[in-house]
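If you want the building blocks of each chain, they are given just below.
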Amino acid sequence: MRIAIVYYSRTGYTERIVDELGLYLKNEGFMVDVYKVIPVREYSKPLHLNPRLIYDTLVKRGTDIRFEHSEPKLNDYSAVIVASPIWIGMLSPPVQEFLRKYTVARLMIVTTSIQSIRVDKIEKIVEKLCGAKPLICVNIRDATIRNSVKLREAIEDIAKKFKAIVKGEDI
Ligand SMILES: Cc1cc2nc3c(=O)[nH]c(=O)nc-3n(C[C@H](O)[C@H](O)[C@H](O)COP(=O)(O)O)c2cc1C
């Protein structure tokens, strides 16, 4: 089974999850291709004070994007995992843009944040952007990502849910 992981990461936490999850799923026998989506104009620091970031996240709900290497041909994949940091309670603008522009059939969402985030809220945001509810929606806190034992547990948990879904089982 071929899986695409599409993600944006500005400070590395989401990228860490993507690296670990990709590796884990590959070891479980999946074929995994990873695509990094980036804004045509990357957001400069300090991020919390960047007016364009705030505008794109809350008002424009997107930004012009490109892919770091190549654009994914989503029809080639059985499932797509989309990962994003949470910015101001929303998905990051590159991921908002991706979800609005691309049709994703079997979608799983992974977000990262400092605080606990209600995943039902993220699900609603995703549904508004792409018209479909994600099959799975998971949020991982930065503190978990910094702790290698907890990170491993989180990855195992996501992979378990993912495998149950792709096998058509209940989670
Ligand atoms: C501009 C900005 C806004 C953020 N807003 C939130 C937020 O609303 N809630 C939260 O828990 N974390 C928030 N964070 C923290 C990030 O979601 C968190 O650090 C995430 O893991 C960063 O992912 P990255 O390293 O892949 O870019 C924010 C970070 C930035 C830079």
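So, how was this worked out
- Residues numbered from 1 in each chain as written.
- Predicted model: local features only at pLDDT ≥ 70, side-chain atom pairs only at ≥ 80, totals over all residues.
- Near = placed C-beta within 6 Å.
- Helix = DSSP H or I, 4+ residues; strand = E, 2+ residues; numbered from the N terminus.
- Core = buried A, V, L, I, M, F, W, Y, C linked by C-beta atoms within 7 Å.
- Buried ≥ 20, exposed ≤ 12 C-beta atoms within 10 Å, placed from the backbone.
- Contact = placed C-beta atoms within 7 Å.
- Axes fitted to C-alpha atoms, helices over the stretch in contact; angles between N-to-C directions.
- Parallel < 35°, antiparallel > 145°, perpendicular 65-115°, else oblique.
- Nonpolar A, V, L, I, M, F, W, Y, C, P; charged D, E, K, R; others polar.
- Arc of directions from axis to C-beta.

## Describing the site of the ligand
Okay, step 1: Inspection of the region around the ligand gives 21 residues, with S9, T11, Y13, T14 and P85 positioned closest.
Okay, step 2: Contributing elements (two or more residues each) for the shell around the ligand: α1 (13–27), β4 (79–87) and β6 (107–113).

## A look at the nonpolar core
Okay, step 1: Ranked by size, the top nonpolar core spans 43 residues in total, and within it I5, V80, I81, V82 and V110 carry the most contacts.
Okay, step 2: If one sorts the elements of this core by residue count, β4 sits on top with 7 residues.
Okay, step 3: When sequence neighbours within four positions are dropped, the list of residues in contact with V110 reads I17, I81, A83, V138, I140 and I158.

## A look at unusual backbone geometry
Okay, step 1: Geometrically, the link from K45 to P46 is a cis peptide bond, its omega value of 0° lying close to zero.
Okay, step 2: Relative to the elements of secondary structure, P46 occurs in the loop between β2 (31–39) and α2 (51–60).
Okay, step 3: In this model, R61 sits at a positive phi of 55°, which is unusual for a non-glycine residue.
Okay, step 4: Note that R61 resides in the loop between α2 and β3 (65–67).
Okay, step 5: Judged by C-beta crowding, with 18 C-beta atoms within 10 Å, R61 ranks as partly exposed.
Okay, step 6: Unlike most non-glycine residues, I88 shows phi in positive territory, near 50°.

## A word on the packing of helix α3 (residues 93–101) against helix α4 (residues 119–130)
Okay, step 1: Where α3 meets α4, the closest approach of the two axes is 7 Å, and the angle between their N-to-C directions is 50°. With respect to α4, the axis of α3 lies oblique. Residues Q96, L99 and R100 of α3 form the contact with α4, whose participating residues are V126, L129 and C130.
Okay, step 2: Per-class residue counts for the contact of α3 with α4 are 4 nonpolar, 1 polar and 1 charged.

## Some details on α2
Okay, step 1: Where α2 is concerned, the buried positions are L53, D56 and T57. Taken end-on, α2 shows its buried residues confined to a sector of 90°, consistent with a single buried face. In α2, those exposed residues whose orientation departs by more than 90 degrees from the buried face are P51, V59 and K60.
Okay, step 2: Buried residues along α2 sit in contact with β4, β5 (90–91) and α3.
Okay, step 3: Of the residues flanking the end of α2, it is R61, one or two places downstream, whose phi is positive at about 55°.

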